[in-house]
Amino acid sequence: ITCTVSTSTTAFGTIDTSQVFTSNPDVITTISCNPLSGCTLYVRDKGDNTNGGLYKSDNPTHLIPSPAENFPPTATLARGTEGYGIQAATTTAGSGATLSLNPIYNHSFSGDTVGGLKTTDITLASSSAPTANREVVVRHKAAVSGLTLAGSYSDTITYSCTSN
């Protein structure tokens, strides 16, 4: 099994209440696996170590939240309202079994609906048979309100692959 991520950093730059912001660049994970049962790509968020989101660790601390996985697992971000999450898509690259996306992340890159992140592993994509060099593209989106504390926010997202 190989799981290669295209970049170790993506950034929003300065965020204000004028719009929903998209980080740059998108993150592409390339997956290859040979087990007959396929493989799974997981995503895990650091957030504030309890909840997923963009975190400001200096005092006073603040978390721009990600939708909770079970209540609700997605949110449509809007300018002037706090929120953070990811969207995902697959490309036509590679061969073998195609990757199926977790429905909470499978949203049009032209919209602002995002899937939530958790501090534990959650399935991002999976295959049910061997796959070679298949790609998952992840786009990060965030919005803030007029009450969001100013400061430097960051997050650590971990991608991992396992056989099924």
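Engineer: Mind showing me how you'd approach the state of the cysteines here?
Structural biologist: One pass over the full model with this rule turns up 2 disulfides. What pairs with C3 in a disulfide is C161, and their sulfur atoms sit 2.3 Å apart. One quick way to see it: the torsion about the S-S bond of C3 and C161 is about 55°, and its sign makes the bridge right-handed. Residue C3 is found in strand β1 (residues 2-5), and its partner C161 is found in strand β14 (residues 157-163); the two are separated by 158 residues along the sequence.

Engineer: Looking at this structure, how should I read the environment of S37?
Structural biologist: Among the structural elements, S37 can be located in the loop between β3 (27-33) and β4 (39-45). Residues S37 and I15, spaced 22 residues apart in sequence, show a C-alpha to C-alpha distance of 43 Å. Setting aside chain neighbours within four positions, we find S37 in contact with S127, S128, A129 and N164. Of note is the side chain of S37, whose polar atom sits 2.7 Å from the backbone oxygen of N164.

Engineer: Could you clarify how one ought to interpret the sheet that holds strand β10 (residues 100-101) in this entry?
Structural biologist: Sheets are built from strands paired through backbone hydrogen bonds, the pairs being either parallel or antiparallel. The strand order across the open sheet formed by 4 strands is β10-β12-β4-β14, and the pairing between neighbours is antiparallel. With one partner strand each, in any of the chains shown, β10 and β14 form the two edges of the open sheet.

Engineer: Would you explain the pattern of salt bridges in this entry?
Structural biologist: Where charged atoms of side chains with opposite charge meet at close range, the side chains can pair. The full count for this structure, using the stated rule, is 4 salt bridges. A salt bridge links D58 to K56, with the shortest nitrogen-to-oxygen separation between them at 3.6 Å. D58 sits in the partly exposed class, given a relative accessible area of 42%. Note on K56: relative accessible area 3%, which makes it buried. As a salt-bridge pair, K141 and D112 come within 2.9 Å of each other at their nearest N and O atoms. With K141 in strand β13 (residues 131-143) and D112 in the loop between β10 and β11 (113-115), this residue pair connects regions lying 29 residues apart in the sequence.

Engineer: Even after reading the chapter, I still don't get the pairing of strand β5 (residues 53-56), so can you show me in this structure?
Structural biologist: The side chains of a regular strand alternate, first on one face of the sheet and then on the other. Looking at chain direction, β5 and strand β6 (residues 62-65) are connected through 4 bridges and run antiparallel. Bridge pairing in β6 links Y55 to L63. In textbook terms, the turn of a hairpin is the stretch between consecutive antiparallel strands, and for β5 and β6 this stretch comprises 5 residues.

Engineer: Looking at this structure, I do not really get the nonpolar core. What am I missing?
Structural biologist: One recurring pattern in soluble globular proteins is that nonpolar side chains are buried together. Core analysis: the largest hydrophobic core is formed by 29 residues, its most contacted members being V43, Y84, Y105, L124, V136 and Y159. When residues of this core are traced back to their parent elements, those giving at least two are β3, β4, β8 (83-90), β12 (122-126), β13 and β14.

Engineer: It is not clear to me how unusual backbone geometry should be interpreted in this structure. Could you clarify?
Structural biologist: Backbone geometry follows two general trends: most residues other than glycine have a negative phi, and most peptide bonds adopt the trans configuration. With an omega of 0°, the peptide bond running from N24 to P25 counts as cis. Relative to the helices and strands, P25 resides in the loop between β2 (21-22) and β3. Here the phi dihedral of N49 falls at roughly 75°; this positive angle occurs in a residue that is not glycine. Of note, N49 is situated in the loop between β4 and β5. Residue class for N49 comes out exposed when judged on its relative accessible area of 57%.

Engineer: Explain the environment of F12 to me, please; I cannot follow it from the model alone.
Structural biologist: Topologically, F12 is positioned in the loop between β1 and β2. Setting aside its immediate chain neighbours within four residues, F12 contacts F21, T22, S23, L54, Y84, H140, K141 and A142.

Each value, and the rule that gives it
Residues numbered from 1 in each chain as written. Predicted model: local features only at pLDDT ≥ 70, side-chain atom pairs only at ≥ 80, totals over all residues. Heavy atoms only, no water. Disulfide = S-S within 2.5 Å. Helix = DSSP H or I, 4+ residues; strand = E, 2+ residues; numbered from the N terminus. Contact = heavy atoms within 4.5 Å. Polar contact = N/O pair within 3.5 Å; in protein donor to acceptor, adjacent residues only side chain to side chain. Pairing = 2+ DSSP bridges. Salt bridge = Lys/Arg side-chain N within 4 Å of Asp/Glu carboxyl O. Buried < 20%, exposed > 50% of the residue type's maximum accessible area, 1.4 Å probe, protein only. Core = buried A, V, L, I, M, F, W, Y, C linked by side-chain atoms within 4.5 Å.

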